[in-house]
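Read off the chains here:
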Amino acid sequence: MKVSDFDFYLPEELIAQHPLEKRDTSRLMVLNKETGEIEHKRFYDIIDYLDKGDTLVLNNTRVLPARLIGEKEHTGGKIEFLLLKRLEGDKWECLAKPGKSAREGRRFTFGDGKLKAEVVEVLENGNRIVQFFYEGIFEEVLDSLGEMPLPPYIHERLEDKERYQTVYSKEEGSAAAPTAGLHFTEELLQKIKDKGINIAYVTLHVGLGTFRPVKVEDIESHDMHSEFYVLDEENAQIINDTKKRGNRVISVGTTSTRTIETIADDNGLVKAQTGWTNIFIYPGYKFKTIDNLITNFHLPESTLIMLVSALAGKEHVLNAYNEAVKEKYRFFSFGDAMFIK
């Protein structure tokens, strides 16, 4: 199977640059995975497609405001660090821009000295190991100084950091938001619960690898990035009870999907566990637990559109995407949603 099989024409003006004023007023395309039939709705209509006894699986990861803009000590030269992964204590693996400024031993300052940093090692892949110095609690310092690490295709500044978080975000650690969940409001979630639909939470910390393009023509040769996940006993039980009753497990986003499908056994049951997943789901994959999916509209030739195609069929998905372009749906992180029923 070729990467080019998942290409489609996407005008740049359809890439959403900012969130809508009200989360659940985004558009919702409903795609029947069996027939390919398409309906056009609003996201708040999602409740009409959920039945009592179904379970929504939400990823409760929270995005770190991991983009730090500062200056080199003494010279004042500009530097930008993007925090990728906490290693130990206050050492982080980071991307640095411009890289030539971030040599080993160089020191930098952020927020008038509220946070300081020293590059302690330059890795083979060009990333830096950076030691941070501060007073107080690191997360609070980062929250006051850091900016959201928005995807590279979003060029406008985000005024309200919380709009790149889901309303149920809890566990800090992501470099990107699980964007399918951005459409939910607390009111809509309450209506869903009141209808007798269960909510199960997983945590998968989304890495920047989610934006990495597939650079090999044969998709089976693609090396998938790894991401850290957690599923606890209580939420595993909710999912298993749903499967045993014969109700549907509906994943909110590709991150929730990848987590559950990593953990699931051949009977579609899951157990509480923590680990790293590099599962790559593309057409031909047989889903074990997930029945339906709420997702956004993804990049051409991305691993995400391949996952969606595995669930709904490549022809149905590409037809739906062409329809979305024709109807001027908004694409990517701040864009509109699709429900695969």
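Residues numbered from 1 in each chain as written. Predicted model: local features only at pLDDT ≥ 70, side-chain atom pairs only at ≥ 80, totals over all residues. Heavy atoms only, no water.

- The chain is annotated in an unreviewed UniProt entry as S-adenosylmethionine:tRNA ribosyltransferase-isomerase of Clostridium paraputrificum.
- Note on the chain: under the UniProt heading Sequence similarities (unreviewed entry), the record states "Belongs to the QueA family."
- Reading the Function (unreviewed entry) entry of the UniProt record for the chain gives the comment "Transfers and isomerizes the ribose moiety from AdoMet to the 7-aminomethyl group of 7-deazaguanine (preQ1-tRNA) to give epoxyqueuosine (oQ-tRNA)." (UniProt positions renumbered as here; feature names shortened; annotations may be inferred.)

## Comments concerning the packing of helix 5 (residues 303-312) against helix 6 (residues 314-326)
Alright, step 1. Two numbers describe how helix 5 lies on helix 6: the axes approach to 7 Å, and their chain directions differ by 120°. Of the possible angle classes, the one that applies to helix 5 and helix 6 is oblique. For the pair helix 5 and helix 6, contact is made by Ile305, Val308, Ser309 and Ala312 and by Lys314, His316, Val317, Leu318 and Tyr321, respectively.
Alright, step 2. Residue composition of the contact of helix 5 with helix 6, grouped by class: six nonpolar, two polar and one charged. (Axes fitted to C-alpha atoms, helices over the stretch in contact; angles between N-to-C directions. Helix = DSSP H or I, 4+ residues; strand = E, 2+ residues; numbered from the N terminus. Parallel < 35°, antiparallel > 145°, perpendicular 65-115°, else oblique. Contact = heavy atoms within 4.5 Å. Nonpolar A, V, L, I, M, F, W, Y, C, P; charged D, E, K, R; others polar.)

## What about the sheet that holds strand 7 (residues 91-97)?
Alright, step 1. Pairing is antiparallel in the closed barrel, where six strands are placed in the order 5-6-7-10-9-8. In this sheet, neighbouring strand axes are inclined to one another by 45° on average, regardless of whether the strands run parallel or antiparallel.
Alright, step 2. Sheet analysis places strand 8 (residues 107-110) next to strand 9 (residues 115-122), joined by four bridges and oriented antiparallel. Bridging across to strand 9, Phe110 finds its partner in Leu115.
Alright, step 3. Here helix 1 (residues 138-145) sits on the sheet and contacts strand 5 (67-72), strand 6 (78-88), strand 7, strand 8, strand 9 and strand 10 (128-134); the angle it forms with strand 6, its principal contact strand, is near 150°. (Pairing = 2+ DSSP bridges.)

## Topic: the domain arrangement of the chain
Alright, step 1. For the chain, the assigned domains read domain 1 (3-63 + 160-340) and domain 2 (67-147).
Alright, step 2. Domain 1 and domain 2 are separated by 32 Å when their C-alpha centres are compared.
Alright, step 3. On the side of domain 2, seven residues touch domain 1, which itself brings four residues to the contact.
Alright, step 4. Surface buried jointly by domain 1 and domain 2 totals about 370 Å² across both partners, of which 59% is contributed by carbon and sulfur atoms.
Alright, step 5. Our count for the domain 1 to domain 2 interface comes out at zero salt bridges.
Alright, step 6. At the boundary of domain 1 with domain 2, the tally comes to two residue pairs in polar contact (both at pLDDT 80 or more).
Alright, step 7. Class assignment for the residues of the side of domain 1 that touches domain 2 results in two nonpolar, no polar and two charged. (Domains from an automatic or database assignment. Buried area = accessible area lost by both parts, 1.4 Å probe. Salt bridge = Lys/Arg side-chain N within 4 Å of Asp/Glu carboxyl O. Polar contact = N/O pair within 3.5 Å; in protein donor to acceptor, adjacent residues only side chain to side chain.)

## A short note on empty space enclosed by the protein
Alright, step 1. One pass over the full model with this rule turns up three cavities of 30 Å³ or more.
Alright, step 2. Forming the walls of the second largest cavity are Pro19, Leu20, Lys22, Arg23, Ser26, Arg163, Leu182, His183, Arg330, Ser333, Phe334 and Gly335.
Alright, step 3. A per-class count over the lining of the second largest cavity returns four nonpolar, four polar and four charged. (1 Å grid on protein atoms, 1.4 Å probe; cavity = no way out; pocket = protein on both sides within 12 Å on 5 of 7 lines; lining within 4 Å. Points joined across faces, edges and corners; volume = space filled by probe spheres on them.)

## A look at the sheet that holds strand 1 (residues 27-31)
Alright, step 1. With respect to topology, nine strands assemble into an open sheet ordered 2-1-17-16-14-3-12-13-15, the strand pairing being mixed. Each of the sheet's edge strands pairs with one partner strand only, and the pair in question is strand 2 (38-42) and strand 15 (273-277). Here the strands of the sheet are splayed against their neighbours by 25° on average, with no regard to which way each runs.
Alright, step 2. Note that strand 12 (residues 198-204) and strand 13 (residues 227-231) share two bridges and pair antiparallel. Among the inter-strand pairings, Thr203 is bridged to a residue of strand 13, identified as Val230.
Alright, step 3. Set on the sheet, helix 6 makes contact with strand 1, strand 2, strand 16 (292-296) and strand 17 (337-340); between it and strand 1 the angle comes to about 150°.

## Remarks on the side chain of Ser26
Alright, step 1. In this fold, Ser26 is placed in the segment before strand 1.
Alright, step 2. Within the structure, the side chain of Ser26 is placed 3.4 Å from the backbone oxygen of Arg23, a separation counted as a polar contact.
Alright, step 3. Side-chain polar atoms of Ser26 contact the side chain of His183, separated by 2.7 Å.
Alright, step 4. Those residues in contact with Ser26, other than ones at most four positions away along the chain, are Leu20, Arg42, Phe43, His183, Gly335 and Asp336.

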